[in-house]
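Descriptive analysis of the structure
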Amino acid sequence: MTPLAQTALAELNTPALLLDSAVLERNCDAMAQRAARHGVALRPHLKTSKSAEVARLATRGHSGAITVSTVAEADYFARYGFLDLTYAVGISAGKIDALHRVQRMHGARVNLLADCVGAVRAVAARARALGASFGLLIEVDTGGGRGGVSPDDEETLLAIAAEVQRSESLTLAGVLTHAGHSYHAEGLDSIRAIAEAERAGAVRAAECLRAAGFTVDVVSVGATPTAVCAERLDGVTEMRPGVYTFFDLDQAARGICGIEDIALSVLATVIGHNPRSRRVLIDAGALALSKDESAAEFRGGLGFGLVCRADGTTPLPGLRVAELHQEHGLIAIEGDGDDDLQAMFEALPIGSRVRILPHHACMTAAPYDRYHVVRGSSASVYAVWGKALGWRAA
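Cut-offs and rules
- Residues numbered from 1 in each chain as written.
- Predicted model: local features only at pLDDT ≥ 70, side-chain atom pairs only at ≥ 80, totals over all residues.
- Heavy atoms only, no water.
- Salt bridge = Lys/Arg side-chain N within 4 Å of Asp/Glu carboxyl O.
- Helix = DSSP H or I, 4+ residues; strand = E, 2+ residues; numbered from the N terminus.
- Buried < 20%, exposed > 50% of the residue type's maximum accessible area, 1.4 Å probe, protein only.
- Phe/Tyr/Trp six-rings, centres within 6.5 Å; stacked < 30°, edge-to-face > 60°.
- Patch = residues over 30% accessible without salt bridge, like charges linked within 9 Å, V, L, I, M, F, W, Y side chains within 5 Å.
- Areas by Shrake-Rupley, 256 points an atom, 1.4 Å probe, with all protein chains shown as cover.
- Lys, Arg positive; Asp, Glu negative; His and termini not counted.
- Charge placed at Lys NZ, Arg CZ, Asp CG, Glu CD.
- 1 Å grid on protein atoms, 1.4 Å probe; cavity = no way out; pocket = protein on both sides within 12 Å on 5 of 7 lines; lining within 4 Å.
- Points joined across faces, edges and corners; volume = space filled by probe spheres on them.
- Nonpolar A, V, L, I, M, F, W, Y, C, P; charged D, E, K, R; others polar.
- Axes fitted to C-alpha atoms, helices over the stretch in contact; angles between N-to-C directions.
- Parallel < 35°, antiparallel > 145°, perpendicular 65-115°, else oblique.
- Contact = heavy atoms within 4.5 Å.
- Pairing = 2+ DSSP bridges.
- Expected span 1.5 Å × (residues − 1).
- Arc of directions from axis to C-beta.
- Left-handed = near helix turned anticlockwise from the far one by under 90°.

1. Let's talk about the pattern of salt bridges
What the rule picks out here adds up to 20 salt bridges. In this structure, Arg-192 engages Asp-189 in a salt bridge whose closest nitrogen and oxygen atoms are separated by 2.5 Å. Of the two residues, Arg-192 and Asp-189 both sit in helix 7 (residues 188–211), three residues apart, roughly one turn of that helix. Residue Asp-250 is joined to Arg-254 by a salt bridge in which the shortest nitrogen-to-oxygen separation is 2.7 Å. A relative accessible area of 4% places Asp-250 in the buried class.

Written out as structure tokens, the structure is:
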């Protein structure tokens, strides 16, 4: 963390990524309490923030185990002392050299993820050639339809486990699933049903392996919507939510959080007024905000993000980022009257600053190299937090 002498928001170069540490801490504490109530470990997915400072808050008071999704994240977090890592993307042999270096240089332990015998065989061979060893989790598909073995596909589950057991370089750690389809479920009751299917499927796969004599220590589930809505997690050992640290419009639109729980925003400068198109121009475009409109699946009128004053995250009525170009954002106002247009221009004069609440915090944060950290409605930045970038280790 780089402390600052209370730098005013008006002095920042824009676009800039703002992070409200008060909201962040509240979100982290709430999820930690939720995991404790269910009696499971919390292994937060840090792909959202990619930040060691966020990781310290998200793991405060428990094991320090985290989830990552890139080799760059694994290397970055290990350098900051986070040494119990699950790499939660299906592994390929080409990444083994870099992950072995992470383990060797930092003393980390990396668990890998696979869902087929071929991947396990290739990874085991490369690891054996390097003299490396890894834990391996079998990915289970509990309805997301992305990667993973069906929890009812006993033949494939046992074949993967047997391949791991035969190898000299891998150890079966357990099973892992991700209910990504919960992001498209309408209504909390639907998400609760998905959470139960996620839990039950992971437990069923673990029981299948145990019945065949395999040791299964880890039964891992994870998605922010299901972590928030799950009514029971018996049989599960850990959960891996990620975006809950920041939340965003996508989560707010489905009732997982409130607007007041969104910790991340983009600070932008008003650079123009266009009365012909009835737009206010800002210097945050598609690269600064992303073109994700995921919340529009459940709520209209959001555009590419909601507009707030620079000193807070309460959306200004009727304003939204309606269009995005690479480095331009165009703010529109509801209605078509001249008085409304003039009022918008007066409220957002050229040179003024606004904050934009994003649809998808992970996508929006990814291109930035730092967070400008604020607290509450303060108009000043009190710290700068670094983060990982890209896919390759440093």
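So that's the structure; there's more coming.
2. Looking at the packing of aromatic side chains
A full pass over the atoms with the stated rule returns four aromatic pairs. Between Tyr-76 and Tyr-80, the aromatic rings sit 4.9 Å apart at their centres with planes inclined by 50°, giving tilted as the arrangement. Tyr-80 gets classed as partly exposed once you look at its relative accessible area, which sits at 41%. For the pair Phe-77 and Phe-82, a centre-to-centre distance of 6.0 Å together with 90° between the ring planes defines the contact as edge-to-face. The exposure class of Phe-77 is buried, given its relative accessible area of 0%. Every member of this aromatic cluster is reached through a ring pair, and the members are Tyr-76, Phe-77, Tyr-80 and Phe-82.

3. Focus: a negative patch on the surface
Among the surface-exposed residues, Asp-336, Asp-338, Asp-339 and Asp-340 lie close enough to one another that they form a single negatively charged patch. Its place among the elements puts Asp-338 in helix 11 (residues 338–347).

4. Quick word on empty space enclosed by the protein
Following the criterion strictly, the structure yields one cavity of 30 Å³ or more and no others. Taken as a whole, the largest cavity holds about 30 Å³ of empty space. Considering the residues around the largest cavity, the lining is formed by Glu-198, Val-221, Gly-222, Ala-223, Thr-226, Ala-227, Ala-230, Leu-233 and Met-239. Per-class residue counts for the lining of the largest cavity are six nonpolar, two polar and one charged.

5. Quick look at the packing of helix 5 (residues 117–130) against helix 6 (residues 154–166)
Orientation of helix 5 relative to helix 6, taken along the N-to-C sense of each, is 10°, at an axis distance of 9 Å. With respect to helix 6, the element helix 5 is oriented roughly parallel. Residues Val-117, Val-120 and Arg-121 of helix 5 touch helix 6, and the partners they reach there are Ala-159, Ile-160, Glu-163 and Val-164. Split by residue class, the contact of helix 5 with helix 6 holds five nonpolar, no polar and two charged.

6. Regarding the sheet that holds strand 8 (residues 170–177)
Here we have eight strands laid out as an open sheet, ordered 3-10-9-8-7-6-5-4, and parallel in their pairing. Looking along the sheet, the strands with just one partner apiece sit at the ends: strand 3 (41–42) and strand 4 (66–68). Across two bridges, strand 9 (residues 218–221) lies against strand 10 (residues 238–239) in parallel orientation. Bridge pairing in strand 10 places Val-221 opposite Met-239. Across the sheet, helix 6 touches strand 7 (134–140) and strand 8, and the angle it forms with strand 7 is around 175°.

7. Comments concerning helix 5
Here helix 5 is 14 residues long and its end C-alpha atoms lie 20 Å apart, about the 20 Å a rise of 1.5 Å per residue gives. Every buried residue belonging to helix 5 is among Ala-119, Val-120, Val-123, Ala-124 and Ala-127, and all of these are buried. End-on view of helix 5: buried residues confined to an arc of 125°, all on one side of the axis. In this structure, the buried side of helix 5 is in contact with helix 4 (96–106), strand 6 (109–114), strand 7, helix 6 and strand 8. Taken from the residues just after helix 5, Gly-131 is the one with a positive phi, measuring 75°.

8. Brief notes about the packing of helix 6 against helix 7
The geometry of helix 6 relative to helix 7 is characterised by a closest axis approach of 10 Å and an angle of 60° between their N-to-C directions. Relative to helix 7, the element helix 6 lies oblique. As for how helix 6 packs across helix 7, the hand of that crossing is right-handed. The residues of helix 7 that touch helix 6, namely those facing Glu-154, Leu-157, Leu-158 and Ala-161, are Ala-205, Cys-208 and Leu-209. Residues belonging to the contact of helix 6 with helix 7 are distributed by class as follows: six nonpolar, no polar and one charged.

9. Observations concerning helix 3 (residues 71–79)
Burial analysis of helix 3 places eight of its nine residues in the buried class, the great majority of the element. Turning to helix 3, its buried residues number three or more, namely Val-71, Ala-72, Glu-73, Ala-74, Asp-75, Tyr-76, Phe-77 and Ala-78. Considering only its buried residues, helix 3 is in contact with helix 2 (52–58), strand 4, strand 5 (84–87), helix 4 and strand 18 (380–386).

10. Here's the deal with the pairing of strand 15 (residues 329–333)
Successive residues of a regular strand alternate their side chains across the two faces of the sheet. Counting buried positions over the five residues of strand 15 gives five, a clear majority of the element. Of the pairings in the sheet, the one linking strand 12 (residues 279–282) to strand 15 comprises three bridges and is antiparallel in character. Residue pairing across strands places Val-280 opposite Ile-331, the latter belonging to strand 15. As paired strands, strand 14 (residues 315–324) and strand 15 are joined by five bridges and run antiparallel to one another. Bridge pairing in strand 15 places Glu-323 opposite Leu-330. A loop of four residues connects strand 14 with strand 15, the two strands running antiparallel in sequence.

11. A short note on the layout of surface pockets
Left-over empty space is what a probe sized like a water molecule reveals as it rolls over the atoms. Approximately 1000 Å³ is the volume found for the largest pocket. Along the walls of the largest pocket sit 49 residues, with His-45, Lys-47, Arg-146, His-178 and His-360 positioned nearest its centre. Counting only elements with at least two residues in the lining of the largest pocket, the list comes to strand 7, strand 8, helix 9 (249–253) and helix 12 (361–365). Residues belonging to the lining of the largest pocket are distributed by class as follows: 15 nonpolar, 22 polar and twelve charged.

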